[in-house]
Protein chains: 2
Amino acid sequence: MSFSAAVYGLGNIGRFAVEALEAAPDARCLGVIRRRQSLGAPSLDQRGLPAYASLDELVAAQGQPDVVLLCTPSRQVPDAAAGLLGRGFNTVDSFDIHDRIPETLARLDQAARQGGAVAVTAAGWDPGTDSVLRALFEAMVPAGTTFTNFGRGRSMGHSVAVRALPGVADATAITIPVGGGRHSRLVYVVLERGARFDDVRAAIAADPYFSHDPLEVREVGAAELPFVADASHGVLLERTGASGLTANQHLSFDMRINNPALTAQVLVAVARAAVRRKARGEAGAFTLLDIAPVELLPGERSTHIARLV
Amino acid sequence: MSFSAAVYGLGNIGRFAVEALEAAPDARCLGVIRRRQSLGAPSLDQRGLPAYASLDELVAAQGQPDVVLLCTPSRQVPDAAAGLLGRGFNTVDSFDIHDRIPETLARLDQAARQGGAVAVTAAGWDPGTDSVLRALFEAMVPAGTTFTNFGRGRSMGHSVAVRALPGVADATAITIPVGGGRHSRLVYVVLERGARFDDVRAAIAADPYFSHDPLEVREVGAAELPFVADASHGVLLERTGASGLTANQHLSFDMRINNPALTAQVLVAVARAAVRRKARGEAGAFTLLDIAPVELLPGERSTHIARLV
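Remember, it's a predicted structure, so these values are computed and weren't measured experimentally. (Residues numbered from 1 in each chain as written. Chains lettered and ligands numbered in written order. Predicted model: local features only at pLDDT ≥ 70, side-chain atom pairs only at ≥ 80, totals over all residues. Heavy atoms only, no water.)

Draft legend 1. Up close: the sheet that holds strand E7 (residues 143–150) of chain B. Here 6 strands make up an open sheet; going across it, the order is E7(A)-E12(A)-E13(A)-E13(B)-E12(B)-E7(B) and the pairing antiparallel. A strand with exactly one partner marks an edge of an open sheet, and here the two such strands are strand E7 (143–150) of chain A together with E7 of chain B. Across this sheet, the average inter-strand angle for adjacent strands is 10 degrees, counted without regard to direction. Those strands touched by helix H6 (residues 129–140) of chain A are E7, strand E12 (232–243) and strand E13 (246–258) of chain A together with strand E13 (246–258) of chain B, and its axis lies near 15 degrees from that of E12 of chain A. Helix-sheet contacts for helix H9 (residues 259–279) of chain A involve E12 and E13 of chain A together with strand E12 (232–243) and E13 of chain B, and the interaxial angle to E13 of chain A is about 105 degrees. (Pairing = 2+ DSSP bridges. Helix = DSSP H or I, 4+ residues; strand = E, 2+ residues; numbered from the N terminus. Axes fitted to C-alpha atoms, helices over the stretch in contact; angles between N-to-C directions. Contact = heavy atoms within 4.5 Å.)

Shown next as structure tokens:
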């Protein structure tokens, strides 16, 4: 099976999604949908893909993609996905607002069933592959405690939250693990003209993204920000507990990655799984917890079982 | 959903399977099938479970279990599973002879379809949960290399292989990782009367289980063997490569576990998944690569998605 895809949004994740589709042996990227004012920017032309201001324009020029990779900011994902699903497009996304995932899944499930389409939502690395690991770890060690320790790395969600505050021209937020699944936050801010540092620091400290964790805020100039804003990230996911009645079972997963590159790669893997589900006549919205691992890989099940099991 | 189970075989894994069923909130162990000459042994009576010399005797006394956990030696698994599946019993096993898994899966699939039953095979930790991790790692990092480093710990398969050699009264084989997915073997042997150590060492070195790895064989007395034969084991599973076109992505999974306790726990998790598949009207044989992670956990999908995604 091979599949065609459209990349919806060409920010951090979208750029890497174009590359991940290019690298996948079974995928073909029909083009990119981006804001009209961005059309023709060099970053797009580098990979030589056609860009459109809407999915309708892409479909008119290239035909219907088997799946749409939603690479818009997370907050826009539910509306965008529901709209596309209702029109029969399969969608995948890395929606990462954890406490809104159940309601988003329910909404997308309804839209997907109405449109006869398949959605995979919350499918990046956390939520996403980390979620799969947490589930697998619980299946292996049902009694015990799991800690998800993020970082050290730049949190896109936290960075976006700071940028939305008054007085902030730009910002990057670093997540630092302090053990036991707890974190401290280091925020670099570029102030808007006339903004007072103490006001901005207070606003960050009061923001729900930051109010529960130790916080340090540092003011930097606009020219300095790129030097603290790279895409390195990681996670240490640990579980200790009992299998059956046997304690002292230790599991840990440690990864160090380029953050948007991994998110985009996971989107391509679940895009493949979504297209397969649709081909089997299924409709609805799913998470990575609902997907058999073999469906994430290109090629034949029997080959993977012989290689990997 | 809750389910009833029978434990077929009461060796290393079977004993822990009884415990894992006892600890599971949704499982009920109807009893154990073991060799007639072993009936009434204290190890069984400790947990107060009824024991039978055949599955038919168990069914006559307790009713039909929803699933049978096959805890016999691996070599006996294909025949035992195919027989039970053909009669309509769902089965799960931790068959671990890697290069016979594809043929075993095909054979069990045919038997399961004929019997209208569900099998999950090769479902321990390797093959098993390690297989899931290898697949997930490839989905995240499609280009690169994976190394599975076992140990340090006792390999049941290698220990059994040594015990089958002439001149060997008892043995335990320790697997030691030496990096890059390669291992050395340390074998403790208790010789039979009149056996020559050099002959036994040569036979071990020539055995296909050992012929490709560095080997050290040590002779010990029968009284010493228990002190080098505990159930500690572990794995370090590493993958480095590229997501899309982005190299230098590092993933690793490290676990330190009681070996049969984890194997038995995985059997209980896939037993749950097998019963769910059967309840949905499916039939056939599957591996852990075919199973959505959420199906391995007791309770409701929506609860797990809210907690884990």
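After presenting the structure, the write-up continues.
Draft legend 2. Geometry of the interface of chain B and chain A. In this assembly, 63 residues from chain B lie in contact with 63 residues from chain A. Per-residue buried area on chain B facing chain A is highest for Leu-289, Leu-308 and Val-309 of chain B; these three make up 13% of the total on that side. One can count 4 salt bridges joining chain B with chain A. Two residues, Glu-138 of chain A and Arg-307 of chain B, come together in a salt bridge whose shortest N-O distance is 2.8 Å. Between chain B and chain A we count 20 residue pairs in polar contact (both at pLDDT 80 or more) in total. Of all elements in the fold, only helix H1 (12–23), helix H5 (101–115), helix H6 (129–140), E13, helix H9 (259–279), strand E14 (284–286) and helix H10 (301–308) of chain B reach the threshold of two or more residues within the side of chain B that touches chain A. Top element by residues in the side of chain B that touches chain A is E13 of chain B. It accounts for 12 residues. Pairing geometry for E13 of chain A and E13 of chain B, over 7 bridges, is antiparallel. In the sheet register, Leu-251 of chain A faces E13 of chain B, and the bridge partner there is Met-255 of chain B. (Buried area = accessible area lost by both parts, 1.4 Å probe. Salt bridge = Lys/Arg side-chain N within 4 Å of Asp/Glu carboxyl O. Polar contact = N/O pair within 3.5 Å; in protein donor to acceptor, adjacent residues only side chain to side chain.)

Draft legend 3. Just the side chain of Ser-184 of chain B, in detail. Summarising the element assignment, Ser-184 of chain B is placed in strand E10 (residues 182–191). Its relative accessible area of 15% is what places Ser-184 of chain B among the buried residues. (Buried < 20%, exposed > 50% of the residue type's maximum accessible area, 1.4 Å probe, protein only.)

Draft legend 4. Spotlight on the pattern of salt bridges. Residues and elements named next belong to chain A. Applying the stated criterion across every chain, the model contains 36 salt bridges over all chains. Among the salt bridges present, the one from Arg-277 reaches Glu-295, with a minimum N-O distance of 3.8 Å. Residue Arg-277 is found in helix H9, and its partner Glu-295 is found in the loop between strand E14 (284–286) and helix H10 (301–308); the two are separated by 18 residues along the sequence. Across the pair, exposure class does not vary: Arg-277 and Glu-295 are buried alike.

Draft legend 5. Focus on the relation of the copies chain B and chain A. Each copy superposes on the other: chain B lies on chain A with an RMSD of 0.0 Å after a rotation of 180 degrees and an axial shift of 0.0 Å. Taken together, the rotation angle and the small translation identify this as a two-fold axis. Taken as a fraction of all interface residues of chain B, those also at the interface in chain A reach 100%, which identifies the copy contact as same-surface. (Least-squares fit on C-alpha atoms with pLDDT ≥ 70 in both.)

Draft legend 6. The arrangement of unusual backbone geometry in detail. For the bond from Asp-126 of chain A to Pro-127 of chain A, the omega torsion is 0 degrees, close enough to zero to count as cis. Mapped onto the secondary structure, Pro-127 of chain A falls in the loop between strand E6 (118–120) and H6. Of note in this structure, Asn-248 of chain A is not a glycine but carries a positive phi near 70 degrees. Relative to the elements of secondary structure, Asn-248 of chain A occurs in strand E13. For Asn-248 of chain A, a relative accessible area of 55% translates into the label exposed. Positive phi is not limited to glycine here, since Ala-122 of chain B has a value of about 60 degrees. Relative to the elements of secondary structure, Ala-122 of chain B occurs in the loop between strand E6 (118–120) and H6.

Remember that the coordinates give geometry; whether it matters functionally is a separate question.
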